[in-house]
Amino acid sequence: MALKLKWNSERILSLTAMVISFITLIIFIYQTNLMSRQNYLSILPYLSLSISNSSADDHYSLSLKNYGVGPAILENVTIKHKGASFDLADFDNEVLSFLQTRMPELDSIKAVSYSTLDKGMAIPVNASYTIVEVKNSRKDYLLLRNSLNHLLEEGLYFEIIYRSIQNERWRITNDTEGPEKLD
């Protein structure tokens, strides 16, 4: 015994409403996925380690710059020198303290300002964060510039691991062109 359905206008209208609702649900899921991917791609911090050297102004600085979109949150800073690896946390997160252990004559610098690179610190978009800087002193300028250049020639290597607010992890070093994505 076959069941026969009678197609009337109410059934056709109900079936059409269900099909349209199902298609709307599929479109909504697709658009949500697109918006999620767009948001993911729109938050991309791009840190760069840079040295500023102006002999005319007796100004020398080492800084981090965020050229990307979204803040860069520091996770770890490692410095390598002469085959040994050092966690910057062992030096109170101060690059200058580390440099002074490798070049004790840097203790005599007076016109210096420096900052820490603490874990969890965020570097905002289009911001420059000065790590160590000497200005307005020819003696201090030459000492820092020459000492850092000497250490770099000996293989001084900086590695900074940071993440975006979406927990994407990146690594920059002083000898790479740009950030390298981790994970």
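Conventions used here
Every chain begins its residue count from 1, and numbering advances along the sequence as written. Side-chain atom pairs in this predicted model are given and counted only at pLDDT of 80 or more, local residue features only at pLDDT of at least 70, and totals for whole chains, interfaces and linings cover all residues. Excluded from the side-chain calculation are hydrogens and water; included are all heavy atoms of the structure. Strands are treated as partners if at least two bridges between them are detected by DSSP. Starting at the N terminus, helices and strands are each numbered in turn, a helix being any DSSP run of H or I of at least four residues and a strand any DSSP run of E of at least two. Pairs of N or O atoms are called polar contacts if they sit within 3.5 Å, as long as, within protein, a hydrogen donor faces a hydrogen acceptor (for residues adjacent in sequence, only side-chain-to-side-chain pairs). Contacts: residue pairs with any heavy atoms within 4.5 Å of one another. In these notes, a set of buried Ala, Val, Leu, Ile, Met, Phe, Trp, Tyr and Cys residues joined through side-chain atoms within 4.5 Å is what counts as a nonpolar core. Classification of residues uses two cut-offs on accessible area relative to the type maximum, computed with a 1.4 Å probe and protein chains only: under 20% is buried, over 50% is exposed, and between them is partly exposed. Angles run from 0 to 180 degrees between N-to-C directions of axes, and those axes are lines fitted to C-alpha atoms, restricted for helices to the stretch in contact. Here, expected helix span is obtained from the residue count minus one, scaled by 1.5 Å. Pairing of aromatic rings covers Phe, Tyr and Trp, the last counted by its six-membered ring, and requires centre-to-centre distances within 6.5 Å; plane angles under 30 degrees mean stacked, over 60 mean edge-to-face, and any other angle means tilted.

> In this structure, what is going on with the pairing of strand 4 (residues 84-87)? I would like to understand it.
Strand residues, when the strand is regular, have side chains that alternate between the two faces of the sheet. Where strand 3 (residues 72-81) meets strand 4, four bridges bridge the pair, whose relative direction is antiparallel. The residue bridging T78 from the neighbouring strand is D87, located in strand 4. In this structure, the hairpin formed by strand 3 and strand 4 is closed by a connection of two residues, where K82 is found at a positive phi of approximately 50 degrees.

> Whenever I open this one, the side chain of E168 confuses me. Can you help?
Counting through the fold element by element, E168 comes out in the loop between strand 8 (157-163) and strand 9 (169-173). Side-chain polar atoms of E168 contact the side chain of K181, separated by 2.8 Å. Apart from the residues within four sequence positions on either side, E168 is in contact with Y40, I43, L44, Y162, R163 and K181.

> Looking at this structure, how should I read the nonpolar core?
A general feature of soluble globular proteins is that nonpolar side chains tend to end up buried together. L64 and L117 are the most contacted members of the largest nonpolar core, which totals 35 residues. Secondary structure elements with two or more residues in this core: strand 2 (59-66), strand 3, helix 2 (95-102), strand 7 (128-134), helix 3 (138-153), strand 8 and strand 9.

> How do you make sense of the sheet that holds strand 2 when you look at a structure like this?
Strand pairing in a sheet is mediated by backbone hydrogen bonds. Such pairs are either parallel or antiparallel. Taken together, the four strands give an open sheet; going across it, the order is 1-2-7-5, and neighbouring strands pair in antiparallel fashion. Since the sheet does not close on itself, it has two edges, and those belong to strand 1 (47-54) and strand 5 (112-114), each with one partner. On average, each strand axis in the sheet is inclined to that of its neighbour by 20 degrees, with strand direction left out of account. Bridging between strand 1 and strand 2 involves eight bridges; their strand directions are antiparallel. The partner of S50 across the bridge, within strand 2, is S63. Each of strand 1, strand 2 and strand 7 touches helix 3; the most contacted strand, strand 2, lies at about 60 degrees to it.

> Where do I start with helix 3 in this structure?
Helical periodicity: at 3.6 residues per turn, an α-helix aligns residues three or four positions apart in one direction. The end-to-end C-alpha distance of helix 3, which contains 16 residues, comes to 22 Å, matching closely the 22 Å that a straight helix rising 1.5 Å per residue would cover. All of the buried residues along helix 3 are D140, Y141, L143, L144, S147, L148 and L151.

> Teacher, can you tell me more about unusual backbone geometry here?
Positive phi, close to 55 degrees, is recorded for D92, a residue that is not glycine. In this model, N167 sits at a positive phi of 65 degrees, which is unusual for a non-glycine residue. Checked against the element boundaries, N167 lands in the loop between strand 8 and strand 9.

> Explanation requested: the packing of aromatic side chains in the structure shown.
Two aromatic rings are characterised by how far apart their centres lie and by the angle between their planes. This model, assessed by the stated rule, comprises four aromatic pairs. An angle of 55 degrees between the planes, with centres 5.2 Å apart, marks the rings of F86 and F98 as tilted. One end of the pair, F86, is in strand 4; the other, F98, is in helix 2, with twelve residues separating them in the sequence. By the ring-pair criterion, three or more aromatic residues cluster together here, those being F86, F91 and F98.

Purely geometric numbers; function is a separate question.
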